[in-house]
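# Results of the structural survey
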Amino acid sequence: MKAGDLGELALRNLREAVLRSSLTTLGVAVGVASLVAWLSLGIGLQALATKRLSNSGLFDTVIVTQRRNPQSMRRPPAESSPAKNARPLDDDAKKEFERLPNVVEVYSQIRFPTEVRYDGTPYSTIVAGVPASARGNGSFDGIQGSFFSNSNADEAILQIEFAKDLSTQPSNLIGKDLVVRYVERQALPPQAGGRPGGTKADADTGGFSIVPREKRLRIVGIVETEPAAGFGGFGSGRLLIPLEVASSLRAAQVNDLRDAVRATNGKPVYTSLTVRAKSASLVQGIETAIKNMGFGTFSLQDATKSLEVFFRIFDMLLFIFGSLALAVATLGIINTLVMAILERRREIGILKALGAADRDVKQLFFVEASVMGFLGGVLGVGFGWLVGRAVTLGINLYLKRQSLPSTDVFSVPWWLVLLAILLAVLVSLVAGLYPASRAAKLNPVEALRYE
Amino acid sequence: MTTGDGVAVRAERVSKHYEMGAAVIRAVDDVTLEIRTGEFVALLGSSGSGKSTLLNLMAGLDRPTGGAIFANGKNLSEMRSIELARYRSRTVGMVFQSFNLLPRMTLEENVELPLRLAEVDRPERGARVQEALERVRLEKRLSHRPSELSGGEQQRGALARALVNRPTLLFADEPTGNLDSATGESIMLLLKEIQQKLGMTIVMVTHERPLAERFADRIAALADGKLLTDGVKS
């Protein structure tokens, strides 16, 4: 029989038993919806985690330090001592890093303790300088208010927990001013040594005095999670200011005392530099190149790989869990088609008497099964998507009540839509194997006798 | 041995035995019968004589357990399933006692069904259906479902369906069995007209001797699966 005729007859047969066909199709749809909902949750969570982590700056950056002594490897880079004859991490090195392919930017970390005065009350916290590039890399997605208007603006972004310390209504802080009290380094008369961030004189002397200073800043934004918190990021800063502003303050930093006594051949030396790659996948190449240049490096490449493996396993488990409903739906298809054989036994006999080959009968049942599978698949994808939207809506309502930014934990990519529909059709065809084969083997004489 | 010129179908020492536990039912037992092209043969016998089984074997609906049936020069019992289906589709037309029209389809769709199975092109189908329904004078009942037709009309519709693929052999199994005598006679007249106008070979199963004697060219009588008599009627 021609494909068009086969399709017409199959659709007619399904229409004749519309209630049973619809219920079976609905069963497939529920199975597919379950699969799509679970998998889209896994994919959504993976995308969310990847985005958050990639925005955190932990995965697309390489932290460069001077090469360390082996015995001090277990200590954090800032505390361990450089190896003998290690290359200094100075401006020359910084320029070399900037010239490496796939490097977006290279910057030093500026982080210093401060006392913040707001509404007459003092609060101790850490100030961190944020490079202007952070605006575009998604680190500040979901910010309340706005990012710094320019790289030299006297503006501040607060981390939400710190903002809550300042006010019970954090969002009211935007537009208000606060005062940052810090200690500024001031150069002493010429001696050997120096460090970046200080003046030329400072660099030449290697010694400095500290002077208390104040700076008035306008609060322009509040971030829920601290961007790039942790090692190599903007530190545990809870008050973020533009990197250029932080640099201009010449504030004394944690490592200043140690660096003041370290011999640096009269050139300013960085404690560490952050090298940001175009993407996380390019980090390894950059890291290798920098190591070959004689520096110590640190990145979270292995952690990224572990995360990927974790989500692969997580998705697989969700797939198995979601497939259970589809397996039950398969039994529904088998039941419907076996019932159809019993009901249409005589009809099959007539078809065979009129010249239908076993293959025609088999194909007819396969087409009926696949039509139910296809429709169930399409409906199931729709249901699955709706479930995802509903859950996302619920989650976001909860997050809103908790003053947290909205998020999308479900993701239905196009390949999942295709996969779900294909799987539904495939499963339906497998379910149709036994009934179709049984119908095709019916003896026409016996089938015609059936009342 | 194969069918030669002038022979439409030949059954050679054909048997169809069924095993039911320890017992063997000999539905058709060593029957040899030759149907010539254009002949109207009646298979006459009482219930259980094996006439319908023999008809089914010659129509390619069933396979014999012994002997051979030749049609178009080929042994049906040696044909593969797909070849047998093609034989039923292109060479054979079937009419049943209970009409066997599909109740969900209109008369037009029922008559069109063999054309779909034979993969006849869609544009040609309409004309073929119209032609078949005109032959049985049902051209005005195209869109009616079987339940909206009388018994005689349903059998005429079934006859149109049997003719639509232009077969050379028409097998009719008790075609008047479910009809009153007047309607049954009209169906028999139609069968006779088709035989004469189209030169078609007709094999009809019946248990009514008067009907067989009146319309058939030849009567083959069966009893207990065996051929009792085979000859041109007196």
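Residues numbered from 1 in each chain as written. Chains lettered and ligands numbered in written order. Predicted model: local features only at pLDDT ≥ 70, side-chain atom pairs only at ≥ 80, totals over all residues.

Attention now goes to the overall build of chain A. On a plain count of helices and strands, chain A comes out with 13 helices and 11 strands. Counting all 451 residues of chain A, 41% fall into the buried class. In chain A, once contacts between residues fewer than 6 apart in sequence are set aside, the share between residues at least 24 apart is 81%. (Helix = DSSP H or I, 4+ residues; strand = E, 2+ residues; numbered from the N terminus. Buried ≥ 20, exposed ≤ 12 C-beta atoms within 10 Å, placed from the backbone. Contact = placed C-beta atoms within 7 Å.)

This brings us to the overall build of chain B. Scanning chain B for helices and strands turns up 7 helices and 10 strands. The buried share of chain B, reckoned over its 234 residues, is 47%. A sequence separation of at least 24 residues applies to 70% of the contacts in chain B between residues at least 6 apart.

The strands making up a sheet associate through backbone hydrogen bonding, with each pair oriented either parallel or antiparallel. Residue and element names in this part refer to chain A. With antiparallel pairing, 4 strands are arranged side by side in an open sheet as 2-10-1-11. Strand pairing shows two members of the sheet lacking a second neighbour, strand 2 (103-108) and strand 11 (295-298), which therefore form its edges. Neighbouring strand axes in the sheet, compared pairwise and without regard to direction, differ in orientation by 25 degrees on average. Pairing analysis gives 5 bridges linking strand 2 to strand 10 (residues 273-277), with the strands arranged antiparallel. Residue pairing for strand 10: V103 is matched across the bridge by A277. (Pairing = 2+ DSSP bridges. Axes fitted to C-alpha atoms, helices over the stretch in contact; angles between N-to-C directions.)

This paragraph deals with the confidence of the model for chain A. All names here are of chain A. Averaged over every residue, the pLDDT of chain A is 81; residues scoring 70 or more account for 82%. Confidence, expressed as mean pLDDT per element, reaches its minimum in chain A at helix 5 (residues 200-205) with 48 and its maximum at strand 6 (residues 155-159) with 91. Here residues 197-201 scores under 50 on pLDDT; set against residues more than four positions off or in separate chains, the count is 10 contacts. (pLDDT = per-residue confidence, 0-100.)

Often, the extent of an interface is quoted as the loss of accessible area upon association of its parts. In this complex, chain B contributes 18 residues to the contact, which on the side of chain A involves 17 residues. Of all elements in the fold, only helix 2 (81-90) and helix 3 (107-117) of chain B reach the threshold of two or more residues within the side of chain B that touches chain A. Broken down by element, the residue count for the side of chain B that touches chain A peaks at 5 residues, all from helix 2 of chain B. Each residue belonging to the side of chain B that touches chain A can be placed in one class, and the counts come to 9 nonpolar, 4 polar and 5 charged. (Nonpolar A, V, L, I, M, F, W, Y, C, P; charged D, E, K, R; others polar.)

Moving on: the sheet that holds strand 1 (residues 7-20) of chain B. Residues and elements named next belong to chain B. Pairing in this open sheet of 4 strands is antiparallel, and the strands run 2-1-4-5 from one edge to the other. In the strand order of this sheet, the two ends are held by strand 2 (23-36) and strand 5 (74-75), each with one partner. Sheet analysis places strand 1 next to strand 4 (residues 66-71), joined by 5 bridges and oriented antiparallel. Each residue of the ladder has a partner; that of A11, found in strand 4, is I69. Packed on one face of the sheet, helix 1 (residues 51-58) meets strand 1, strand 2 and strand 4 and runs near 120 degrees to strand 1.

In terms of burial, strand 3 (residues 40-44) of chain B is largely enclosed, as 5 of its 5 residues are buried. The alternating pattern of strand 3 of chain B places F40, A42 and L44 of chain B and V41 and L43 of chain B on opposite faces, both of which are buried.

Once that is clear, we can look at the nonpolar core. Membership of the largest hydrophobic core comes to 123 residues, with the highest contact counts inside it found for V32 of chain A together with L43, M58 and F171 of chain B. The element that contributes the greatest number of residues to this core is helix 2 (residues 18-55) of chain A, accounting for 12 residues. Other than its neighbours up to four places away in sequence, M58 of chain B contacts V9, A11, I69, F171 and V203 of chain B. Of all hydrophobic cores here, the second largest spans 50 residues; its members include I222, L240, A251 and V283 of chain A. (Core = buried A, V, L, I, M, F, W, Y, C linked by C-beta atoms within 7 Å.)

Residue and element names in this part refer to chain A. Compared with the 20 Å implied by 1.5 Å per residue over 14 residues, the 20 Å span of helix 1 (residues 3-16) between its first and last C-alpha is a close match. Three or more residues of helix 1 are buried, namely D5, L9, A10, N13 and L14. Down the axis of helix 1, the buried side of the element spans an arc of 165 degrees, and every buried residue falls inside it. Turned more than 90 degrees away from the buried face of helix 1 sit G4 and R15, all of them exposed. (Expected span 1.5 Å × (residues − 1). Arc of directions from axis to C-beta.)

Okay, the environment of L426 of chain A next. Residues and elements named next belong to chain A. Among the secondary structure elements, L426 is positioned in helix 12 (residues 414-440). For L426, a count of 13 C-beta atoms within 10 Å corresponds to the partly exposed category. C-alpha separation for the pair L426 and S370, spaced 56 residues apart in sequence, amounts to 7.6 Å.

What follows concerns the environment of L44 of chain B. All names here are of chain B. The topology assignment puts L44 in strand 3. What makes L44 buried here is the crowd of 24 C-beta atoms within 10 Å. In this structure the C-alpha to C-alpha distance between L44 and L222, which are 178 residues apart in sequence, comes to 6.2 Å. Residues contacting L44, with those up to four places away along its chain left out, are T206, R209, A212, I219, A220 and A221.

With that settled, consider the packing of helix 5 (residues 151-163) of chain B against helix 6 (residues 181-198) of chain B. Relative placement of two packed helices is described by the angle separating their axes and the distance separating the axes. All names here are of chain B. Where helix 5 meets helix 6, the closest approach of the two axes is 9 Å, and the angle between their N-to-C directions is 20 degrees. Classified by the angle their axes make, helix 5 and helix 6 are roughly parallel. For the pair helix 5 and helix 6, the crossing hand works out as right-handed. Taking contact as the criterion, the partners of G151, G152, Q155, R156, L159 and L163 in helix 5 are, on helix 6, T183, S186, I187, L190 and I194. (Parallel < 35°, antiparallel > 145°, perpendicular 65-115°, else oblique. Left-handed = near helix turned anticlockwise from the far one by under 90°.)

What follows is about the environment of A353 of chain A. Note on placement: A353 of chain A falls in helix 10 (residues 345-353). For A353 of chain A and P444 of chain A, which are 91 residues apart along the polypeptide, the C-alpha to C-alpha distance reads 6.6 Å. Look past the residues within four positions of A353 of chain A in its chain and what remains in contact with it is P444 and L448 of chain A together with L61, R88 and M94 of chain B.

Now for unusual backbone geometry. Among all residues except glycine, the phi angle is most often negative; among peptide bonds, the trans geometry is most common. One non-glycine residue with positive phi stands out, namely F99 of chain B, at about 65 degrees. The phi torsion at E174 of chain B lies on the positive side, around 45 degrees, for a residue other than glycine.

Further remarks concern the confidence of the model for chain B. Here chain B averages 90 in pLDDT, and 97% of its residues register 70 or above. Here the predicted complex carries an ipTM of 0.92, next to a pTM of 0.67.

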